[in-house]
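Coordinate inspection notes
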Amino acid sequence: MQRTTGRALGRRAFAAALIAAATAVAVIGASGAASASAATARSHDPDAQVRMNQIQTVGTHNSYHVENSTAEKDVREAVKPGTGRGGEEYSHFPVPVQLSLQKVRQVELDLVLDPTGGRFTNPLLRQLTKTGPWFPYVMNKPGIKILHEEDVDYRSNCLTFVSCLTQVKQWSDGHPGSIPITILLQFEDGAGPNFPPYTIKPLVPWTKEAMIGAENEALSVFPREQIITPDDVRQPGLTLHQSVTQHGWPTLAESRGKVMFGMDNDRNMYVAGNPNLEGRLFFTNAQDAIDQPDGAFAIRDEATTLEPLIQQLVGEGLMIRTRADSPLVEAKSGDTTRREAAFASGGQIVSTDFPTRGMAARWGTDYYAALPGPLAARCNPVNAPSFCKSAQLDLAYRGRS
């Protein structure tokens, strides 16, 4: 056995201490680096940092629409040439299919009043084609109905406002990883379509009280906490417009699994008495009133000519809906100019009648409007933060939530 001197033991103890200290420093350093990395990851968490106006997605125009039957088209063409084979020859899949398989995150509904029920049960085209009433067990009941033009373009894949919203809610509840779904509302009234020699009765006019009735129908489906409202966005002491331009919209963490309602028309009636949309459920279309107190959401459909303006509004903090196409125009021509301008504009919602490849094949083109690859949302090309990752935004497409 080799004798170890005290001096040697001292040197070895000192060396061991140095190694232990170095190891401790390394561990602490690694732990600190890991903590810093984790903190960086948290600071760049899309749920916590990316806002709902910093993404872009696709919506459908007249999302409920189903075209006339062949017999109805023939009657329309015979009665009024040019109307049987026109811009209304497009059909959408049911709303849940659009949300699940077509990557749609905005739906558009045309609302018509039917306060006593039965107003739209027996459309003129069904009388002329002798096909009988249209779902009388639904249409005879009072409530808001969903259709494009009474009597001549009435078919819908969800007949009532409540049934359409119920489809959205059931899908949303089953896909909590989805970004918020926007529901665009167009309040239809006025004279009926011109269809001589037949006279089509005018629609029941909308009033603010009737719009509050629409709010109540929405609340019969969605609880208040599942709806992003103007009150949720407005900051204390600021108008709604100032709030979105100075502080932005809710983050994805605050808005996943929720819906937001936007209006396409009748702004003046709806803001009367509520200039900041206090207590209201729907965001107005600030088409010609961007700088007014309620100016947070606007529709700018002509992206081909308005691309710079849309980019400016998006940069200022507004939510914008624009359109990639008009019914059958691009589908027949195959022209993608408007589509490319719409996506480049940064409009948060790009609306189309053809959200997937193959829908325009009947017209001899491959036209469609969709985000690239398996994306239901992407980082907005105008205002997304640099750390935004498109693949991390919407987790619901094809059951990834």
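As the structure is a computational prediction, the values presented were derived from the model and not from experiment. (Residues numbered from 1 in each chain as written. Predicted model: local features only at pLDDT ≥ 70, side-chain atom pairs only at ≥ 80, totals over all residues. Heavy atoms only, no water.)

1. Quick word on the nonpolar core
The nonpolar side chains of soluble globular proteins are, as a tendency, buried together. If you look at the biggest cluster of nonpolar residues, it comprises 50 residues, and the most contacted ones within it are Leu 111, Phe 161, Ile 183 and Phe 261. In this structure Phe 161 touches Leu 109, Leu 111, Ile 144, Ile 146, Leu 185, Ala 214, Glu 217, Ala 218 and Phe 261, once residues within four positions along its chain are discounted. Ile 290, Ala 298, Phe 343 and Phe 354 belong to the second-largest nonpolar core, a separate cluster that totals 24 residues. (Core = buried A, V, L, I, M, F, W, Y, C linked by side-chain atoms within 4.5 Å. Buried < 20%, exposed > 50% of the residue type's maximum accessible area, 1.4 Å probe, protein only. Contact = heavy atoms within 4.5 Å.)

2. Let's talk about the pattern of salt bridges
In this structure the tally under the stated criterion is 18 salt bridges. Where Glu 88 meets Arg 76, a salt bridge forms, and the shortest distance between an N and an O atom there is 2.7 Å. With Glu 88 in the loop between α3 (70-79) and α4 (95-101) and Arg 76 in helix α3, this residue pair connects regions lying 12 residues apart in the sequence. For the pair shown, Glu 88 and Arg 76 are each scored as buried. Of the charged contacts in the structure, one is a salt bridge between Lys 145 and Asp 114, with a shortest N-O distance of 2.7 Å. Separated by 31 residues along the polypeptide, Lys 145 in strand β3 (residues 145-146) and Asp 114 in the loop between β2 (104-112) and α5 (124-128) bring together distant segments of the chain. For the pair formed by Lys 145 and Asp 114, the shared burial category is buried. (Salt bridge = Lys/Arg side-chain N within 4 Å of Asp/Glu carboxyl O. Helix = DSSP H or I, 4+ residues; strand = E, 2+ residues; numbered from the N terminus.)

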